[in-house]
Protein chains: 2
Amino acid sequence: MTAPLLDQLISALRILPGVGPKSAQRMAYHVLERDRERGAELARVLAEAVEVIGRCDSCRDFSQDALCPLCRAPGRERGQLCVVESPADRLAIEQATGFRGLYYVLLGRLSPLDGIGPVELGLELLGQRLAQGEVGELIIATSATVEGEATAHYLAQLARRHGVRPSRLAQGLPLGGELEYVDRGTLSHAFGSRAEVPR
Amino acid sequence: MTAPLLDQLISALRILPGVGPKSAQRMAYHVLERDRERGAELARVLAEAVEVIGRCDSCRDFSQDALCPLCRAPGRERGQLCVVESPADRLAIEQATGFRGLYYVLLGRLSPLDGIGPVELGLELLGQRLAQGEVGELIIATSATVEGEATAHYLAQLARRHGVRPSRLAQGLPLGGELEYVDRGTLSHAFGSRAEVPR
Ligand SMILES: [Zn+2]
Ligand SMILES: [Zn+2]
């Protein structure tokens, strides 16, 4: 008895992570009752975003252009490459540390059970980048979770295979913690006292 | 350093109820990483919904047409009017009971502290409807919450003022419970043993 378009909206909202049938319903009602103007704005921005936003050719972060603003920025140190799991982690490091090198954004971490392997994370591309010889240090800033550690281990091996020195953020990250939630001071300290990965 | 359009998307997602900065970010990344096609579909449906979906002239439920399918349906008993808080509650009653009358959908309940009074709930329109004399019984199916009870009290008085008999779903709804989460049997029983509201 509900309007079909409303049903469509409720079911379309469920593509968002963490949104079940009840919250999709609540979202649809909320937008229709109180926020149509901003609902229309969300629709417009979302349509444009999925159309326009791609991945940066260099760091693989989301980007509207072939190269993202950070990779285009002059004066970054090209010999240091910091691997992070997400754009949010990259932002956290930019804001908390004095790092002036470049980044590589995985958009995930190794998780064989979820079908996320080296290919899904673009690690072949990273291997090619390391093979070019410009990078001297690969700073591995994956999270202190089990999967983040497994990813770090893989990355360290990849770096060594190409004669690049791998380093890992220092102990100090809370165990099991997501990097982006760490307080600035802890993150800055851990970043500063990163150590070469022992063989 | 993030793409401006991505920032726009993250902030636009926050109009959805229950979505904070972190979950908006997670939603944006998820759509861009894994679900662009369905993201585009959500954008399309949302744009159309906020444009096209209005309120039914008769029951005030969301509707694409001036009259919703249920209000247009032949053979409904026009002397019984059941007041519910939401389209979901209406659907629950349709599915659980044999009710064949009509509905009135408040899209909310009285909540003076939130600025939701009789006007916001369209109760003047309901008064006009009751004044027409077609309705003999006003079945009050607001939730068993404090605000739902206050709304029920107001509705009962409104009904009596127009010489309409108010009834309330029978005890049996769990206290403090949202009507739409009640199991079918309980809801059907409570609906069947509704009682006239005592003065
Ligand atoms: Zn880049
Ligand atoms: Zn209607």
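Residues numbered from 1 in each chain as written. Chains lettered and ligands numbered in written order. Predicted model: local features only at pLDDT ≥ 70, side-chain atom pairs only at ≥ 80, totals over all residues. Heavy atoms only, no water.

In the nomenclature of an unreviewed UniProt entry, chain A is known as Recombination protein RecR of Stenotrophomonas ginsengisoli. On record in UniProt, under Sequence similarities (unreviewed entry), the comment for chain A is "Belongs to the RecR family." The record in UniProt for chain A states the following under Function (unreviewed entry): "May play a role in DNA repair. It seems to be involved in an RecBC-independent recombinational process of DNA repair. It may act with RecF and RecO." (UniProt positions renumbered as here; feature names shortened; annotations may be inferred.)

**Overview of the pattern of salt bridges**
Counted by the stated rule, this structure contains 22 salt bridges over all chains. When the shortest N-O distance is used, the salt bridge between R78 of chain A and E134 of chain A registers 3.5 Å. Of this pair, R78 of chain A sits in strand β3 (residues 77–84) while E134 of chain A is found in the loop between α6 (123–131) and β5 (137–140), placing the two residues 56 residues apart along the sequence. Accessibility expressed as a relative area gives 38% for R78 of chain A, which makes it partly exposed. Judged by its relative accessible area of 44%, E134 of chain A is partly exposed. Where R72 of chain B meets D65 of chain B, a salt bridge forms, and the shortest distance between an N and an O atom there is 3.5 Å. You can call R72 of chain B partly exposed: its relative accessible area is 47%. Residue D65 of chain B is classed as partly exposed on the basis of its relative accessible area, which comes to 40%. In this structure, a network of salt bridges that share partners links the residues E41, R44 and E48 of chain A. (Salt bridge = Lys/Arg side-chain N within 4 Å of Asp/Glu carboxyl O. Helix = DSSP H or I, 4+ residues; strand = E, 2+ residues; numbered from the N terminus. Buried < 20%, exposed > 50% of the residue type's maximum accessible area, 1.4 Å probe, protein only.)

**Thoughts on the coordination of the zinc ion (ligand 1)**
Residues and elements named next belong to chain A. At this site the zinc ion (ligand 1) is bound by C56 (SG), C59 (SG), C68 (SG) and C71 (SG), with donor distances of 2.2 to 2.4 Å. Coordination at the zinc ion (ligand 1) is tetrahedral, judged from the 4 donor atoms that bind it and the angles of 104 to 117° they form at the metal. Spacing between the donor residues of the zinc ion (ligand 1) along their common chain follows C-x2-C-x8-C-x2-C. Taken together, the positions of C56 in the loop between β1 (54–55) and β2 (62–63) and C68 in the loop between β2 and α4 (69–72) put the pair 12 residues apart, joining distant regions of the chain. (Donors = N, O, S within 2.8 Å, 3.2 Å for Na, K, Ca; no water. Tetrahedral: all angles 85-135°; square planar, octahedral: opposite > 155°, others 65-115°.)

**Some thoughts on the UniProt feature "zinc finger region: C4-type" (unreviewed entry) in chain A**
Summarizing the sequence annotation, UniProt attributes the feature "zinc finger region: C4-type" (unreviewed entry) to residues 56–71 of chain A in the numbering used throughout. For residues 56–71 of chain A, the end-to-end C-alpha separation is 8 Å, with 19% helix and 12% strand making up the annotated structure.

**Points about the coordination of the zinc ion (ligand 2)**
All names here are of chain B. Bound to the zinc ion (ligand 2) are the protein donor atoms C56 (SG), C59 (SG), C68 (SG) and C71 (SG), situated 2.2 to 2.3 Å from the metal. Classification of the site at the zinc ion (ligand 2) as tetrahedral follows from its 4 donor atoms and the range of 105 to 117° in their angles at the metal. Within one chain, the residues donating to the zinc ion (ligand 2) are spaced in sequence as C-x2-C-x8-C-x2-C. In this pair, C59 sits in the loop between β1 (54–55) and β2 (62–63) while C71 sits in helix α4 (residues 69–72), placing the two residues 12 residues apart along the sequence. The pair C59 / C71 is uniform in exposure class, with both members buried.

**With respect to the nonpolar core**
Membership of the largest hydrophobic core comes to 132 residues, with the highest contact counts inside it found for L16, L126 and L138 of chain A together with L16, L126 and L138 of chain B. Non-local contacts of L16 of chain B, meaning those with residues more than four positions away in its chain, are made with L13, L16, M27, V31 and L42 of chain A. (Core = buried A, V, L, I, M, F, W, Y, C linked by side-chain atoms within 4.5 Å. Contact = heavy atoms within 4.5 Å.)

**Describing the domain arrangement of chain A**
For chain A, the assigned domains read domain 1 (4–52) and domain 2 (62–168). Averaged C-alpha coordinates put domain 1 of chain A and domain 2 of chain A at centres separated by 33 Å. (Domains from an automatic or database assignment.)

**Brief notes about the relation of the copies chain B and chain A**
In screw terms, the move from chain B to chain A is a rotation of 180° and a rise of 0.0 Å along the axis, fitting with an RMSD of 0.0 Å. The superposition operator between the copies reduces to a two-fold rotation axis. Taking C-alpha positions as the reference, the residue of chain B nearest the rotation axis is A43 of chain B, at 2.1 Å. Both copies contact each other with a shared surface, as 100% of the interface residues of chain B are interface residues in chain A too. (Least-squares fit on C-alpha atoms with pLDDT ≥ 70 in both.)

**Description of the packing of helix α3 (residues 36–52) of chain A against helix α3 (residues 36–52) of chain B**
Look at α3 of chain A against α3 of chain B: their axes get within 8 Å of each other, and the N-to-C directions meet at 150°. Comparing their axes, α3 of chain B and α3 of chain A come out roughly antiparallel. Handedness of the α3 of chain A/α3 of chain B crossing: left-handed. Note on element contacts: α3 of chain B touches α3 of chain A through R36, G39, A40, L42, A43, L46, A47, A49 and V50 of chain B, opposite R36, G39, A40, L42, A43, L46, A47, A49 and V50 of chain A. Class assignment for the residues of the contact of α3 of chain A with α3 of chain B results in 14 nonpolar, 2 polar and 2 charged. (Axes fitted to C-alpha atoms, helices over the stretch in contact; angles between N-to-C directions. Parallel < 35°, antiparallel > 145°, perpendicular 65-115°, else oblique. Left-handed = near helix turned anticlockwise from the far one by under 90°. Nonpolar A, V, L, I, M, F, W, Y, C, P; charged D, E, K, R; others polar.)

**Focus on the pairing of strand β4 (residues 101–105) of chain A**
Within a regular beta strand, the side chains point alternately toward one face of the sheet and then the other, so they alternate between its two faces. Residues and elements named next belong to chain A. Counting buried positions over the 5 residues of β4 gives 5, a clear majority of the element. Sheet topology places β3 next to β4; 5 bridges connect them, and they run parallel. In the sheet register, C82 faces β4, and the bridge partner there is Y103. Viewed along the sheet, the connection from β3 through helix α5 (residues 87–96) into β4 turns out right-handed. (Pairing = 2+ DSSP bridges. Right-handed = clockwise from strand over helix to strand, strands pointing away.)

**Concerning the packing of aromatic side chains**
Inspection of the entire model under this criterion finds 4 aromatic pairs over all chains. Between Y29 of chain A and F62 of chain B, the ring centres sit 5.7 Å apart and the planes meet at 25°, which makes this aromatic pair stacked. Taken together, the positions of Y29 of chain A in helix α2 (residues 21–34) and F62 of chain B in strand β2 put the pair across two chains. The residues Y29 of chain A and F62 of chain B share a single accessibility class, namely buried. (Phe/Tyr/Trp six-rings, centres within 6.5 Å; stacked < 30°, edge-to-face > 60°.)

**Examining the interface of chain B and chain A**
Chain B puts 52 residues into the contact, and the matching count from chain A is 52 residues. Between chain B and chain A, roughly 5,300 Å² of surface is buried when both sides are summed, and carbon and sulfur atoms account for 73% of that area. If you look at where chain B meets chain A, you find 0 salt bridges. For the pair chain B and chain A, the interface holds 8 residue pairs in polar contact (both at pLDDT 80 or more). Of all the secondary structure elements, the ones that give two or more residues to the side of chain B that touches chain A are α1 (4–13), α2 (21–34), α3, β2, α4 and α5 (87–96) of chain B. (Buried area = accessible area lost by both parts, 1.4 Å probe. Polar contact = N/O pair within 3.5 Å; in protein donor to acceptor, adjacent residues only side chain to side chain.)

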